[in-house]
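A closer look at the structure
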Amino acid sequence: MLSPRAALATPYRRAVVGLVLVTFVWRAWTVARWTWQDDDWLFIERSASMPLLPYLMQDYNSHVMPGGLLVTKLMVMASPLNFSVVVGVVALVSALSIALWGRLFERLTGGRMVALLPLAVLALSPVMLRPMMWWACAVTALPLQICMAVMALLACSWVERRRTRDLYLLGLAFVVGLFFWEKCLFATVPTAFVLLAVAQGGLRERLRVIAKPVVLLSAISVPYLAFFLYWTRGSSSSNSVETSFAGQTLGSALSDYGRGLTQVFFPSLLGGPWGTLRVDGDAATAQGPATTAVVVGILLLVVVWLAVRHRGALWLMALPLGYVVLTVGLVQFSSRTNDVWDVVLTDRYYIDGLAVAMLTVVLVIREVAPPAHGGAEGDPLAAGTGRRWFAGAVVAVTVSLLVANVLAAQRVGVRPAREWVETLRQDIAASSPAGTTGEPLVLWDAYAPDDVMPAAFWADHALLSSMLAPVEDTVVFGVASDELWRVSDSGRLETVAVDPAVRAKPGPVKGCGYALSAGEEVVVPMSGSLYFWNWAIQVNGFAAEGVDLAIDLGDREVSVSLPPGLQSRKIQIQGEVPRKIRLRSDSASGTACISEVFAGSVGPVA
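Residues numbered from 1 in each chain as written. Predicted model: local features only at pLDDT ≥ 70, side-chain atom pairs only at ≥ 80, totals over all residues. Heavy atoms only, no water.

**Describing the sheet that holds strand β8 (residues 547-552)**
Ordered in space as β6-β11-β8-β9, the four strands form an open sheet in which the pairing is antiparallel. Each edge of the sheet is formed by a strand with only one pairing partner; in this case those strands are β6 (521-525) and β9 (557-562). Strand-to-strand twist across the sheet, computed as the mean angle between neighbouring axes with direction ignored, equals 25°. (Pairing = 2+ DSSP bridges. Helix = DSSP H or I, 4+ residues; strand = E, 2+ residues; numbered from the N terminus. Axes fitted to C-alpha atoms, helices over the stretch in contact; angles between N-to-C directions.)

**Focus: helix α14 (residues 289-309)**
Given a rise of 1.5 Å per residue, 21 residues ought to cover 30 Å, and the 30 Å separating the end C-alpha atoms of α14 matches this to within 8%. Taken together, the buried positions of α14 are T292, V295, L299 and L306. Buried residues along α14 cover an arc of 75° about the axis, so they all sit on one side. Pointing more than 90 degrees away from the buried face of α14 are the exposed residues P289, A290, V294, L300, L301, V308 and R309. (Expected span 1.5 Å × (residues − 1). Buried < 20%, exposed > 50% of the residue type's maximum accessible area, 1.4 Å probe, protein only. Arc of directions from axis to C-beta.)

**Looking at the pairing of β6**
Only one face of β6 is covered, namely the one carrying V522 and V524; the face carrying E521, V523 and P525 has none of its residues buried. Pairing of β6 with strand β11 (residues 580-585) involves five bridges; the strand directions are antiparallel. Residue pairing in the sheet places P525 in a bridge with K580 of β11.

**Some remarks on unusual backbone geometry**
Looking along the chain, the bond that leaves G272 and enters P273 is cis, with omega of -5°. By the element assignment, P273 lies in the loop between α13 (250-269) and α14. Its identity is not glycine, yet D38 carries a phi of approximately 45°, on the positive side. The topology assignment puts D38 in the loop between α2 (11-31) and α3 (39-49). Phi is positive for N61, close to 50°, though the residue is something other than glycine. Relative to the assigned elements, N61 resides in the loop between α4 (52-56) and α5 (66-78). Among the residues examined, N61 registers a relative accessible area of 8% and is labelled buried.

**A closer look at the environment of W420**
With respect to the secondary-structure elements, W420 resides in helix α19 (residues 417-431). According to the relative accessible area criterion, W420 is buried, its value standing at 6%. Taking the C-alpha atoms as reference points, W420 and S488, separated by 68 residues in sequence, lie 9.1 Å from one another. Contact partners of W420, with chain neighbours within four places excluded, come to A448, P449, V452, L464, V487, S488, D489, S490 and G491. (Contact = heavy atoms within 4.5 Å.)

**Considering the packing of α2 against helix α7 (residues 116-124)**
Packed helices, taken two at a time, are described by the angle between their axes plus the distance between the axes. Where α2 meets α7, the closest approach of the two axes is 10 Å, and the angle between their N-to-C directions is 10°. As summarised for this structure, α2 and α7 are arranged roughly parallel, according to the angle between their axes. Considering how the two elements wind past one another, α2 and α7 form a crossing that is right-handed. Taken together, the residues of α7 that come into contact with α2 (itself represented by Y12, A15, V16, L19, V22, T23, W26 and R27) are L116, L119, A120, A123 and L124. Classifying every residue of the contact of α2 with α7 gives eleven nonpolar, one polar and one charged. (Parallel < 35°, antiparallel > 145°, perpendicular 65-115°, else oblique. Left-handed = near helix turned anticlockwise from the far one by under 90°. Nonpolar A, V, L, I, M, F, W, Y, C, P; charged D, E, K, R; others polar.)

**As for the pattern of salt bridges**
Scanning all chains against the criterion turns up 16 salt bridges. Between E160 and R107 there is a salt bridge whose closest N-O contact spans 3.2 Å. A residue pair is termed long-range when its members are at least 10 positions apart, and E160 in helix α9 (residues 135-161) and R107 in helix α6 (residues 83-109) qualify at 53 residues. Residue E521 is joined to R584 by a salt bridge in which the shortest nitrogen-to-oxygen separation is 3.9 Å. One end of the pair, E521, is in strand β6; the other, R584, is in strand β11, and 63 residues separate them in sequence. A relative accessible area of 37% places E521 in the partly exposed class. Residues participating in the shared-partner salt-bridge network are E521, E557, R582, R584 and D586. (Salt bridge = Lys/Arg side-chain N within 4 Å of Asp/Glu carboxyl O.)

**So, the pairing of strand β7 (residues 530-543)**
Pairing analysis gives twelve bridges linking β7 to strand β10 (residues 565-577), with the strands arranged antiparallel. Residue pairing in the sheet places G541 in a bridge with Q567 of β10. For β7 and strand β12 (residues 592-604), the ladder comprises eight bridges, and the chain directions are antiparallel. Residue pairing across strands places A536 opposite G600, the latter belonging to β12.

**Considering the state of the cysteines**
Considering all chains together, one arrives at one disulfide under this definition. Distance from the sulfur of C184, which forms no disulfide, to the nearest cysteine sulfur (C147) is 4.2 Å. Look at C184 and you get buried, because its relative accessible area is 0%. (Disulfide = S-S within 2.5 Å.)

**Description of α5**
For α5, which comprises 13 residues, the first-to-last C-alpha distance of 18 Å matches the rise-based estimate of 18 Å (1.5 Å per residue) to within 8%. Of the positions making up α5, those classed as buried are P66, G67, G68, L69, T72, K73, M75 and V76. Buried residues in α5 make contact with α3, α4, α6, α9 and α10 (164-180).

**Points about the confidence of the model for the protein**
When pLDDT is averaged along the protein, the result is 89, and 91% of the positions lie at 70 or above. Mean pLDDT across the secondary structure elements of the protein bottoms out at helix α17 (residues 375-378), with 44, and peaks at α6, with 97. Ignoring residues within four places in sequence, the model shows residues 373-378, a span with pLDDT below 50, making seven contacts including any to other chains. (pLDDT = per-residue confidence, 0-100.)

**Describing the packing of aromatic side chains**
To describe a pair of aromatic rings, one takes the distance between the centres and the angle between the planes. Scanning the model with the defined rule gives 14 aromatic pairs in all. Plain terms: the ring middles of W26 and W29 are 5.6 Å apart, the flat faces sit at 25° to each other, and that makes the pair stacked. With W26 and W29 both in helix α2 and three residues apart, this pair spans about one turn of that helix. Owing to a relative accessible area of 44%, W29 belongs among the partly exposed residues under this scheme. Measuring from centroid to centroid gives 6.2 Å for F186 and Y323, while their planes differ by 80°, and the two rings are edge-to-face. Note that F186 is positioned in the loop between α10 and α11 (188-198) and Y323 in helix α15 (residues 318-332), a separation of 137 residues in sequence. Three or more aromatic residues joined by ring pairs make a cluster, and in this case those are Y224, F227 and W231. (Phe/Tyr/Trp six-rings, centres within 6.5 Å; stacked < 30°, edge-to-face > 60°.)

What follows is the structure, given as structure tokens:
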């Protein structure tokens, strides 16, 4: 761990600290413009409705990620539904990730300033923008990036010192990464390349040096992979992901890879894409052919330069290309294509590939100018021409990142649901418990607005009773109350009244209506019937002492508690209201007079 003075001891380290601060501010600002979305709500719901161990070890769409779910659980317990916690966590962990990658790049290059260029691209690439705003993605992607950086750092330490402690720490870092996400299995790929690149001598000597860490990582990977395949077999999840080559030919696969590489991955290596990242409502924007030609041309020139001047570094090109082809292919050739349109253009599938690509750039820098040489003789930036090239590259990368991020932030904008979610969270916190009874608020259960959680896709997960599960001690659904609340389209809580569609006919007991003694049941004829729907039933009556009533609707019963005194109790039902209902007292003593019973829809209190 570096001391504060050591962290600022060199120009490279001071620049890394500045980049870490910029990353923190940019992530905090962009994530603060967002809110919970899609899978986030399922994580939240299940954190409250499932026991801890089944929640952590659930097979979620063929993912196993107990670490990410544990963090979600802790956040929900600390401050339910508060997206500000996500803002802070993502900003801090993003900054930590860049600090670790900065340390790794310093370790590999000896602290050359040129290593700041790939670090800046990794920190501020627009490809990272939306994945970091979506909690369900950030909670797995960030641990994977950190896992890669820490494992690469420990791989360097093993090669340099051959300490058993570093070997154990390497295994521990790998296990912790797997605890957060099964995709950390792929962290072994860049780790192996780092081991080979840092080890000295011929191929045989290098293989001898890396043998122990490779055996260790394999000893962890093989049983974990067996566990993962067993745990996710035959998933009952409707969104389980399975290998599928349906509709795929060699030509279509190559075309898909080509579009993904040229439209997303290759531009990301140069600080792009510039205004063409897919966003909600504008998924078909494509990069122009001229831009594609320039991007591909620049990358080809780099490869040709390596082939002519530094052929020994060409083998490193296999790392980013192989990694992206493998990881994107796992999604492209799977049933995920059934619910994610054109996956090869989806930014979140390239963010770990971007980290691997920037690591490759640094490994190439190491091959071109090994850190052991130092000085003017070994550093290509020491000469005047090298400085000019470096200055030009700094300007180009800065402008590229600035333009790309401004355009991407404008396209992404502010999530429309943000104000609704925050308004509802604040209203719930300010309004509960209701009145002087100390009881929780009783809310009308309904689907959230489509821009919050589209019910057409998420079905009953989009019901407020599911989404608000973490605040079940504060709000409840489907129980009787003297006040019934609903959530407006703006997220505000408002009390509602029952608009009668059918009423009970007057009761036979004068001054009472329908009299119910303990255990007694009466038949109440209604003025009509109602079809299957969400209705409210209101019961007005009097009881000298509390009485528990049961309303028999034919195919279901609902319970209505009638506290002492004059009462007007409302309850939401989903179903039909027949022409005749039955009222029954389930109390052991006491008599209740039921003066009115009516059912209908709800509306604002006049």
